[in-house]
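# Coordinates in review
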Amino acid sequence: MHLLKQLYQDAAEHIFSALSIQASQSAQMQQSQSSSGLEGQAEAGVGSSSLWETFRVALELMERHDLANLCSQRDVSLFDPQQFTKGGAGAGPDANAVA
């Protein structure tokens, strides 16, 4: 069971990274549109729907229902990676154990 939890945790970390990159690129695009006088459409809730859903499922499988519920807001700033990464506060007592 520990191995599965580790796989879900790895998935959550990678998906969060992808969502963070998308949000960063969206913010840069919005900034460049603003400076050029164009009205930007980017907002905090950007990102692929499938990535957000996969992130939610990974968090659910990690039994982090509190974090999974935040996925509906589609805002990466609501998440602290330490909550679901190796050695993070929400990773459980055996987060640093070697399998």
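This section reports on the structure supplied with the text.

Cut-offs used in this document
- Every chain's residues receive numbers from 1 upward, in the order its sequence appears when written.
- Local features in this predicted model are restricted to residues whose pLDDT is 70 or higher, and side-chain atom pairs enter the listing and the counts only when it is 80 or higher, whereas totals over whole chains, interfaces and linings include all residues.
- With hydrogens and water set aside, each side-chain value is computed from the structure's full complement of heavy atoms.
- Here a helix means four or more residues in a row that DSSP labels H or I, a strand means two or more in a row labelled E, and each is numbered from the N terminus.
- Given the number of residues in a helix, its expected span is that number minus one, multiplied by 1.5 Å.
- Summary of the burial criterion: residues with accessible area below 20% of their type's maximum are buried, those above 50% are exposed, and those between are partly exposed, where the area comes from a 1.4 Å probe applied to protein chains only.
- Along the arc lie the directions from the helix axis toward the C-beta atoms.
- Only residues whose relative accessible area exceeds 30% and that form no salt bridge are eligible for patches; like-charged ones are grouped when within 9 Å, while nonpolar side chains (Val, Leu, Ile, Met, Phe, Trp, Tyr) are grouped when within 5 Å.
- Note on areas: these come from Shrake-Rupley sampling with a 1.4 Å probe, and a residue is covered only by the protein chains present in the view.
- Each salt bridge in this description consists of a side-chain nitrogen of Lys or Arg and a carboxyl oxygen of Asp or Glu lying within 4 Å of one another.
- Pairing of aromatic rings covers Phe, Tyr and Trp, the last counted by its six-membered ring, and requires centre-to-centre distances within 6.5 Å; plane angles under 30 degrees mean stacked, over 60 mean edge-to-face, and any other angle means tilted.

Let us now look at helix α2 (residues 49-61). With 13 residues, α2 extends 18 Å between its outermost C-alpha atoms, agreeing within 8% with the 18 Å of an ideal straight helix rising 1.5 Å per residue. The complete set of buried residues in α2 reads W52, F55, A58 and L59. One side of α2 carries all its buried residues, which in axial view fall inside an arc of 125°. Downstream of α2 by a residue or two, E63 has a phi angle that is positive, lying close to 65°.

This part covers a nonpolar patch on the surface. On the surface, a cluster of nonpolar side chains totalling about 280 Å² of accessible area is made up of L3, L4 and L7. Structurally, the position occupied by L4 is in helix α1 (residues 2-35). Its relative accessible area of 38% is what places L4 among the partly exposed residues.

Let us now look at the pattern of salt bridges. Inspection of every chain in the model, using the stated rule, returns three salt bridges. Measuring nitrogen to oxygen at the nearest pair gives 2.5 Å for the salt bridge that ties E53 to R56. A residue pair is termed a helical-turn pair when its members lie 3 or 4 positions apart in one helix, as E53 and R56 do in helix α2 at three residues. Given the relative accessible area of 27%, R56 is considered partly exposed. One salt bridge connects R64 with D66, and the closest N-O pair in it is separated by 2.7 Å. Taking the relative accessible area as the measure of exposure, D66 reaches 44% and is therefore partly exposed. Several salt bridges share partner residues, and in doing so they unite E53, R56 and E60 into one network.

Time to look at the packing of aromatic side chains. According to the stated counting rule, one finds seven aromatic pairs in the structure shown. With 6.4 Å between their ring centres and 65° between their planes, F16 and F79 make a pair best called edge-to-face. Of the two residues, F16 sits in helix α1 while F79 sits in the segment after α3 (65-70), which places them 63 residues apart along the sequence. Summarising the burial analysis for this pair, F16 and F79 share the class buried. Taken together, the ring pairs connect F16, W52, F55, F79 and F84 into an aromatic cluster.

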